[in-house]
Amino acid sequence: MYSFLTTENWPDYELVDSGNFEKLERFGPYYIARPEPQAIWDKHLPATEWQRMAQATFTRDKGSQEKGQWKLKKEMPEQWYINYQYNDLKLRFRLGLSSFKHVGLFPEQDSNWKYIYDTTRQLKTKQPKVLNMFAYTGAATLAAKAAGADVTHLDSIKQVNFWARDNMEASNLDNVRWIVEDAMKYARREVKRGNKYNGIILDPPSYGRGPNGEKWQLEEELNEMIKLCRDMLDGTDYFLLINLYSIGFSAMVLDNLMRLTFGEQVKNEELGELYLHDSGDRKLPLGTFFRFSSVGK
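Conventions adopted
- Residues numbered from 1 in each chain as written.
- Predicted model: local features only at pLDDT ≥ 70, side-chain atom pairs only at ≥ 80, totals over all residues.
- Heavy atoms only, no water.
- Pairing = 2+ DSSP bridges.
- Helix = DSSP H or I, 4+ residues; strand = E, 2+ residues; numbered from the N terminus.
- Axes fitted to C-alpha atoms, helices over the stretch in contact; angles between N-to-C directions.
- Domains from an automatic or database assignment.
- Contact = heavy atoms within 4.5 Å.
- Buried area = accessible area lost by both parts, 1.4 Å probe.
- Salt bridge = Lys/Arg side-chain N within 4 Å of Asp/Glu carboxyl O.
- Polar contact = N/O pair within 3.5 Å; in protein donor to acceptor, adjacent residues only side chain to side chain.

**Overview of the sheet that holds strand β4 (residues 30-35)**
- Spatially, five strands are ordered β2-β3-β4-β5-β6 in an open sheet, and the strand pairing comes out mixed. Looking along the sheet, the strands with just one partner apiece sit at the ends: β2 (13-19) and β6 (68-72). Strand-to-strand twist of the sheet, defined as the mean angle between neighbouring strand axes without regard to direction, takes the value 20 degrees.
- In terms of strand pairing, strand β5 (residues 56-60) meets β6 through five bridges, oriented antiparallel. Bridge pairing in β6 links Thr-57 to Lys-71.

**Looking at the domain arrangement of the protein**
- Each assigned domain of the protein is listed here: domain 1 (7-79) and domain 2 (106-293).
- Counting residues at the interface gives 19 residues for domain 1 and 18 residues for domain 2.
- Of the roughly 1,500 Å² buried at the junction of domain 1 and domain 2 (both faces included), carbon and sulfur atoms supply 57%.
- When the buried area of domain 1 at its contact with domain 2 is split by residue, Thr-7, Leu-15 and Gln-38 rank highest and sum to 38% of it.
- Counting the contacts that link domain 1 with domain 2 gives zero salt bridges.
- Our count for the domain 1 to domain 2 interface comes out at six residue pairs in polar contact (both at pLDDT 80 or more).
- Of all the secondary-structure elements, those providing two or more residues to the side of domain 1 that touches domain 2 are β2 and β3 (22-27).
- Here the element with the most residues in the side of domain 1 that touches domain 2 is β2; it accounts for five residues.

**Some points on the sheet that holds strand β10 (residues 150-155)**
- Pairing is mixed across the open sheet formed by eight strands, whose spatial order is β1-β16-β17-β15-β12-β9-β10-β11. Every other strand in the sheet has two partners, leaving β1 (2-6) and β11 (177-180) as the edge strands with one partner each. Going across the sheet, the axis of each strand differs from the next one's by a mean of 20 degrees, ignoring polarity.
- Across the sheet, helix α3 (residues 139-146) touches β9 (129-133), β10 and β12 (199-202), and the angle it forms with β10 is around 170 degrees.
- Each of β1, β15 (239-244), β16 (270-277) and β17 (283-293) touches helix α7 (residues 251-262); the most contacted strand, β17, lies at about 10 degrees to it.

Shown next as structure tokens:
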């Protein structure tokens, strides 16, 4: 089944407008404007409205595609908290303005968090083991933890793991296993040890570095990583979710990789795209996903 999934019913988040390679968002009470390479259309709102509403605006440094500076209005803090709720799942996230335009959360992942929470609760294992690699600030980690999982959270950046721990504490959760390591090295070692997980979550970047300078290049490493996940995934009670944000990376790539690697283990599968919609009814694409599980919907 091919699906287009969007973020819905979240009082603390809104994509207000998008266009001209920018997006205007509301996180809690604060409005921020930042670059968005996929928003190639015209904006819905006039420039005067963007200037009036945006309390923080990100501008790239010359010669850089990622790094830049935030210009803040006086009422805009550098850090603040927002809430997230889905049924019995209640999370709280600390947001902050980074030098790479990010704020510590990817709101388009809402449907994946819901999937992780619901699917983890449906697994037959009393306390299922879940591995979240490239885990960033831990929203997916906390969704699995709140559903009763024994969660291993892995990211190569120590400061990001500290941020995820803050989110755990703010969400009144505990006992997550934190690992700062290169994902590929960890996965290879777990396969050698014969360790198994009931759930595996992957949200790898296009390009990245491990804590010791290890190189991650999505198109070069993904095939091996998927095979390692096959060897780590429990054979009877399981789910796997992978999300990719890479412009030009077709969802058919994920479809091929998953079906060729996991074969008959691919059940109850969903393939599709994540997007956000703004007030002008523009649909902003923000990644492709593939997820499957041993439990029915």
